[in-house]
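As a plain string of letters, each chain reads:
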Amino acid sequence: MSVLIFAELDEGKIKKSSLEAIFYGAKVAEMTGTSATAIIAGPADDAELASAGRFGATKVLHATDPKLTEPNGMAYATVVAAAVQQEGSKVIVLAKSSLADAMTARLAGKLKAGLAANVIELPDLSNGFLVKTSIYTGKAFAHNELKADIKILAIRKNTITPEEKDGTAPVETFTPALNEADFAISVKNTEKSSGDILLPEADLVVSAGRGLKGPENWGIVEDLANALQAATACSKPVSDLDWRPHSEHVGQTGIKVSPNLYIACGISGAIQHLAGVNSSKVIVVINKDADAPFFKSADYGIVGDVFDILPRLTEAVKAL
Amino acid sequence: MKILVCVTSVPDTTTKIAFTDNNTRLNKAGVTFITGPYDDYALARAVELKEKTGASVTVLNVGEADTEPVIRKCLAIGADDAIRVNAEPTDAYFVAEQIAAIAQETSYDLILMGRESIDYNGGQVHGIVGEMLGIPSISPVMLLDIEGDTAQITREIEGGKESLEAKLPLVLGCQEPIAEWKIPNMRGIMTARTKPLKVVEPTGTDKLTTVDSYELPAPRGAVKMIPAEEAETLIQLLHNEAKVI
Ligand SMILES: Cc1cc2nc3c(=O)[nH]c(=O)nc-3n(C[C@H](O)[C@H](O)[C@H](O)COP(=O)(O)OP(=O)(O)OC[C@H]3O[C@@H](n4cnc5c(N)ncnc54)[C@H](O)[C@@H]3O)c2cc1C
Ligand SMILES: Nc1ncnc2c1ncn2[C@@H]1O[C@H](COP(=O)(O)O)[C@@H](O)[C@H]1O
């Protein structure tokens, strides 16, 4: 009756958010007196896969079928369902991502599982199986009781701080039967900005709004982000105006982020924007208007002109 | 072509969330309910497809009687008829089961939903429905074009996008810029009053998850203001005090 963790790869490496999920799953295994198995699909070398052991996995199942090279939520759900059956798993843990979202739903449908999305803490097992989730786009939390025999927990970034220890996990090749219907969608073209830090994965985020006046001014935002090794983000009007790509838009109707540091530059702090960012650990607001609502939700604030402040912050970071 | 659009009735995005009854229920006093913003994109694209190809558009909500104003608004925007499954929609699997049951009665070519509801933010119902019906599910969809029985789709992925081709029937979770939100006009509002809205009872399953209680986030501590002329000290504070860089 193991805990099964679905871990995602990014160019052959286990994603950081998945390492967090493995550590979380190992903790749940410890709480329930079972063991933690990680399931990973797609190409990766054994040393990388075995490193799941450093975060608490006691075994890694590696689905190696070449058809699984491209991330495919439906096919991955079939693979994970087969692993659940083989391992007799009752709890499945994964880190939220666009692939994980697609996979989780199909898996919940297959297994008739109790599903908690946006989990933000370890479960409370003192009376049933209770998990705390973020709802209303971070404006509130719910304590959910999962009553189904099989439970799926999709955890949000920064739910737990992984601790690394020595050790590797044995890797077993896993070759479940695939389902032809899972490959009915054909991918014609993929556009991906490579090399950049992915926003949902980023520990540090520099975000800018309409206060930047136009796309030609984003250089100062990117300079600060590069100096910090942070991802860049933006408010909704900025992506609506096509100043920045849609994949950078954060907020209630955009990406929800929970990084360690969120720096908001020239963003007023509308409730819909705050909804997507207010679970960040530390929030910095830079705005020329001292009455901007965002200051009420900030930890540090500077009333000033972004065109003056940002380059100076970039220099200060470089001097660290 | 038959299109089913699944919509939620949710607190307006400017709502300050509060709970009542010992933190076991949303305090609905003074809250305006709206169609989920992502569901609005799904509906807008469905109505565009109707105008272009003569498709029929049915709106479906799983909810209690107080969601009917939102359903009527969807009819005013251009849906032809509506179904409400009379139940409290607290569990994604339960909601998906209701939608799948309706979809099994009438075979829809397209089931359009929002990328996620803005109350539970699960982003799960479309995938579960797809699995229950044994058809593909794709989300979040930014562009959708239909020709014959084939859909051309652009989906957002982390840090980019992907163009896909798939055969109908499909379940899609929609987001911008798939279509512009539509506002009902006077004629729409008038005709919506007489469009059919069928109420059906849920098919019986036990909910797999229930909410024991709700909680509000703890307020942030007071903001520390740094004078603009000393902006550089922010970096020191982030490094030494907050320890995030
Ligand atoms: C249904 C719905 C959903 C929404 N979802 C989202 C969402 O997901 N995300 C989102 O961001 N918004 C969302 N919005 C929009 C939201 O309400 C705000 O309109 C938006 O967040 C404002 O963006 P902004 O702060 O960049 O622009 P503005 O509100 O125009 O603010 C610009 C700020 O920049 C400051 N500024 C100007 N010049 C300078 C300068 N030189 N130096 C420093 N500061 C300067 C100004 O003082 C001002 O505070 C949504 C709205 C609706 C109705
Ligand atoms: N109660 C409901 N009634 C109808 N459709 C729903 C309901 N709940 C969710 N949906 C649809 O499923 C999508 C995803 O919802 P969720 O999985 O809750 O984030 C929503 O955008 C709706 O289109």
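These figures come from a predicted structure and were not determined experimentally.

### Thoughts on the overall build of chain B
Working step 1: Looking only at helices and strands, one finds six helices and 15 strands in chain B.
Working step 2: With respect to the principal axes defined by its C-alpha atoms, chain B has extents near 65 × 45 × 40 Å.
Working step 3: Across the 245 residues of chain B, 53% fall into the buried class.
Working step 4: The contacts in chain B between residues at least 6 apart in sequence include a share of 68% that link residues at least 24 apart.
Working step 5: For chain B, the exposed area adds up to about 10,600 Å²; of that, 51% sits on carbon and sulfur atoms.
Working step 6: Within chain B, the 36 negative side-chain charges are centred at a point lying 5 Å from the centre of the 23 positive side-chain charges.

### Remarks on the pairing of strand β10 (residues 151-155) of chain A
All names here are of chain A.
Working step 1: Burial of β10 is extensive: five of the five residues sit out of reach of the surface.
Working step 2: Across the two faces of β10 the burial is the same, with Lys151, Leu153 and Ile155 and Ile152 and Ala154 all buried.
Working step 3: Here strand β6 (residues 91-95) pairs with β10 via five bridges, running parallel. Paired with Leu94 across the bridge in β10 is Ala154.

### Topic: the pattern of salt bridges
Working step 1: The full count for this structure, using the stated rule, is 32 salt bridges over all chains.
Working step 2: For Lys110(A), the salt bridge is made with Glu131(B), and the minimal N-O distance between the two is 3.1 Å. Highlighted residues: Lys110(A) in helix α4 (residues 98-111) and Glu131(B) in helix α4 (residues 125-133), drawn from two different chains.
Working step 3: Using a relative accessible area of 30% as the deciding quantity, one classes Lys110(A) as partly exposed.
Working step 4: Between Asp240(A) and Lys236(A) there is a salt bridge, with its nearest N and O atoms 3.0 Å apart. Here the residue Asp240(A) and the residue Lys236(A) both occupy positions in helix α6 (residues 236-240), the gap between them amounting to four residues, near one helical turn.
Working step 5: Residue classification places Asp240(A) among the partly exposed residues on the basis of a relative accessible area of 46%.
Working step 6: Ionic contacts of the salt-bridge type, sharing partners, join the residues Arg45(B), Glu48(B), Asp145(B) and Lys182(B) into one network.

### Considerations on the sheet that holds strand β13 (residues 197-200) of chain B
Working step 1: The strand order β12(A)-β11(B)-β10(B)-β9(B)-β12(B)-β8(B)-β1(B)-β6(B)-β7(B)-β13(B) describes an open sheet built from 10 strands, whose pairing is mixed. Both outer strands of the open sheet, β12 (186-192) of chain A together with β13 of chain B, are each paired with one neighbouring strand and no more. Strand-to-strand twist in this sheet, taken as the mean axis angle between neighbours without regard to direction, amounts to 25°.
Working step 2: Pairing analysis gives six bridges linking strand β9 (residues 137-147) of chain B to strand β10 (residues 150-157) of chain B, with the strands arranged antiparallel.

### Comments concerning the nonpolar core
Working step 1: Judged by nonpolar contacts, the single largest core of 53 residues is most densely connected at Ile39(A), Leu107(A), Ile99(B) and Ile111(B).
Working step 2: Here this core takes eight residues from helix α3 (residues 73-87) of chain A, the largest share from any one element.
Working step 3: Judged by nonpolar contacts, the second largest core, of 43 residues, contains Ile77(B), Ile146(B), Ile178(B) and Ala192(B).

### Structural notes on the sheet that holds strand β17 (residues 300-303) of chain A
Working step 1: A sheet is described by the order of its strands in space; here six strands give the open sequence β14(A)-β13(A)-β15(A)-β16(A)-β17(A)-β15(B), paired in parallel fashion. Every other strand in the sheet has two partners, leaving β14 (231-234) of chain A together with β15 (224-225) of chain B as the edge strands with one partner each.
Working step 2: Both strand β13 (residues 204-208) of chain A and β14(A) contribute to a ladder of four bridges, which runs parallel. Of the residues in β14(A), the one forming a bridge with Ser207(A) is Ala233(A).
Working step 3: Sheet strands in contact with helix α5 (residues 219-228) of chain A are β13, β14 and β15 (261-265) of chain A, and its direction is about 175° off that of β13(A).
Working step 4: Along the sheet, helix α6 (residues 233-240) of chain B makes contact with β15, β16 (282-287) and β17 of chain A together with β15 of chain B, crossing β17(A) at roughly 175°.

### Comments concerning the side chain of Glu176(B)
Working step 1: If you trace the backbone, Glu176(B) turns up in the loop between β12 (170-174) and α5 (186-192).
Working step 2: The charged side chain of Glu176(B) is buried without a salt bridge, its nearest counter-charge being Lys236(A) at 4.1 Å.
Working step 3: Polar side-chain contacts of Glu176(B) include one of 3.3 Å to the side chain of His246(A).
Working step 4: In this structure the side chain of Glu176(B) is engaged in a polar contact, spanning 2.9 Å, whose partner is the side chain of Tyr41(B).
Working step 5: Leaving out residues up to four positions away in the same chain, Glu176(B) has contacts with Lys236(A), Asp240(A), His246(A), His249(A), Thr253(A), Tyr41(B) and Met142(B).

### Overview of the interface of chain A and chain B
Working step 1: Listed per partner, the contact involves 84 residues of chain A and 76 residues of chain B.
Working step 2: Summed over both partners, the interface of chain A with chain B comes to about 6,900 Å²; 56% of that surface belongs to carbon and sulfur atoms.
Working step 3: The largest share of the area that chain A buries against chain B comes from Arg106(A), Tyr136(A) and Tyr300(A), three residues that together contribute 11% of it.
Working step 4: Across the chain A-chain B interface, the total number found is eight salt bridges.
Working step 5: Here Glu158(B) and Lys15(A) are joined by a salt bridge, their closest N and O atoms 3.0 Å apart.
Working step 6: Scanning the region where chain A abuts chain B turns up 44 residue pairs in polar contact (both at pLDDT 80 or more).
Working step 7: Residues that form the side of chain A that touches chain B fall into these classes: 36 nonpolar, 29 polar and 19 charged.
Working step 8: In terms of strand pairing, β17(A) meets β15(B) through two bridges, oriented parallel. Bridging from a neighbouring strand, Tyr300(A) pairs with Lys224(B) of β15(B).

Basis of the calculations
- Residues numbered from 1 in each chain as written.
- Chains lettered and ligands numbered in written order.
- Predicted model: local features only at pLDDT ≥ 70, side-chain atom pairs only at ≥ 80, totals over all residues.
- Heavy atoms only, no water.
- Helix = DSSP H or I, 4+ residues; strand = E, 2+ residues; numbered from the N terminus.
- Buried < 20%, exposed > 50% of the residue type's maximum accessible area, 1.4 Å probe, protein only.
- Contact = heavy atoms within 4.5 Å.
- Areas by Shrake-Rupley, 256 points an atom, 1.4 Å probe, with all protein chains shown as cover.
- Lys, Arg positive; Asp, Glu negative; His and termini not counted.
- Charge placed at Lys NZ, Arg CZ, Asp CG, Glu CD.
- Pairing = 2+ DSSP bridges.
- Salt bridge = Lys/Arg side-chain N within 4 Å of Asp/Glu carboxyl O.
- Axes fitted to C-alpha atoms, helices over the stretch in contact; angles between N-to-C directions.
- Core = buried A, V, L, I, M, F, W, Y, C linked by side-chain atoms within 4.5 Å.
- Polar contact = N/O pair within 3.5 Å; in protein donor to acceptor, adjacent residues only side chain to side chain.
- Buried area = accessible area lost by both parts, 1.4 Å probe.
- Nonpolar A, V, L, I, M, F, W, Y, C, P; charged D, E, K, R; others polar.

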